[in-house]
Each structure stands twice: as C-alpha cells, then as structure tokens.
Amino acid sequence: MAGWESELDELMRVRGSALVRYAYMLSGDRALAEDLVQDALVKVYSRLRSRAGRGSAVGVAEGSRAHDLDSPFTNAEGYVRRAVLTIYLDGYRKRQRWGGIKHLLADDASTRGADQAASARVDVMAALAQLGARERACVVLRYFEDMTVPQIAEALGTAQGTVKRYLSDATRNMQELLRPDDFRPAEGRAAR
C-alpha cells in the first residue's frame, strides 16, 4: 500500500465522522455533506496518487508554503477540510449564478404540451358558449375563419361598425372568462 493510501485510510478511520459533521455544518444536508467529503478526498488524494504514479518528485523551494506532494502530509485533515469548504463555496456560487439567470430560460409553464393545448381548447369553447350569438359569430369568423371586418359585415348582413363593436365586446368578455384566477381582481374591488 502506498503512503498516501495508508494516510487516507487512517484519516477516514479516525477523523471521517468529524469531516462529515464539518461538511454538514456547512451544507445542512447529510447526503450533501457526505458527497462534499468524498469530493474533497478525491481532490486532495488524487493529486498525491498522480504524483506518485509519475515517479518524479518536484521539489518545493526552501521557505515556500507549498506542500511537496511526495512527502507525507503533516495535516491531512486540514487539507481535506479546506477542500470541503472550497467545493461547498464553488457549489454555492454556481447556485447563486444560476438563480440569477434561470428566469431567462423558458420554464415548463411556458412550454405547452398536448394536454395543455387540449385544455386551452376546451376553455375557449366554454368561453365562446357564454357569448351572445352575434358576438360568437363575429369571433369565429374573424379569428378562426380569418375573415376581415368587411367580409364579416357582408356575411352577417350588418354594418362594419357593428361588427367592430361585437368583436370589441366579445374580446373583452373572452379575456375576462379566460383570465387565470391569479389575475382576477378581488371581490368588491373594481378592475382597472
């Protein structure tokens, strides 16, 4: 067993639960704490393993605060705790950045599936049924048959101004009937 492997084994046997408790104090989640410790151990000890595999020692200048990865750790737990903190903070920063931009992406509410389209079609049909006969005819001819106001007036035998009035009234009524409950004014309060 390589030196770093025995150090890792000793660290986890003696201080593993303390490292998980430390990570738990940071994250507040047991599973995340265990993941943080695991990631920190991989981060710290993978450097030692890759160094040992190369067989070349890179010396550290005298007086330098850098650690020579080929020599045994003097404070392995400190390195792992620092790695836990770094990994936790990196994740926190990513969540903060994501929270700042995720509203720019389309969410499930704005992407309509077949069930939502069918539901919307049923709602429109129910709202149309609540309109008067002339208003309903004008809406269907204008928005479903794609006829112009003069064509609708000719088809119904009425004046263009009358068709415009029916369309205006019907549109206002449909908007009120199809408005989500979240956007309806409270009882007793007039809509603006």
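Procedures and definitions
Starting from 1, residues in each chain are numbered consecutively following that chain's sequence as written. For a predicted model such as this one, the threshold for reporting local features is a pLDDT of at least 70, and the threshold for listing and counting side-chain atom pairs is 80 or more; totals across whole chains, interfaces and linings nevertheless cover every residue. To obtain the side-chain values, all non-hydrogen atoms of the structure were included, while hydrogens and water were left out. Each helix corresponds to a stretch of at least 4 residues labelled H or I by DSSP, and each strand to a stretch of at least 2 residues labelled E; elements are numbered beginning at the N terminus. Only protein chains enter the area calculation, which uses a 1.4 Å probe; residues under 20% of their type maximum are buried, those over 50% are exposed, and those in between are partly exposed. For the area figures, the Shrake-Rupley method with a 1.4 Å probe applies, and any residue is considered shielded solely by the protein chains shown. As used here, the arc belongs to the directions running from the helix axis to the C-beta atoms. A contact between two residues is defined here by any heavy atoms of the two lying within 4.5 Å.

J.: Sorry if this is basic, but what is going on with the overall build of the protein here?
T.: The helix and strand inventory of the protein stands at seven helices and zero strands. Its helices and strands taken in sequence order, the protein reads α-α-α-α-α-α-α from the N to the C terminus. Looking at the 192 residues of the protein, the share that counts as buried comes to 21%. Of the accessible surface of the protein, which amounts to about 13800 Å², a share of 52% is contributed by carbon and sulfur atoms.

J.: I tried to follow helix H6 (residues 149–156) on my own but got confused; where do I start?
T.: Note on helix geometry: an α-helix contains 3.6 residues per turn, so any two residues three or four positions apart are oriented the same way. Taken together, the buried positions of H6 are Val149, Ile152 and Ala153. Angularly, the buried residues of H6 cover 100° about the axis, an arc narrow enough to put them on a single face. Exposed side chains of H6 directed beyond 90 degrees from the buried face belong to Glu154 and Ala155. Looking at the buried residues of H6, the elements they touch are helix H5 (133–144) and helix H7 (160–178). Just past H6, the residue Gly157 takes up positive phi, approximately 70°.

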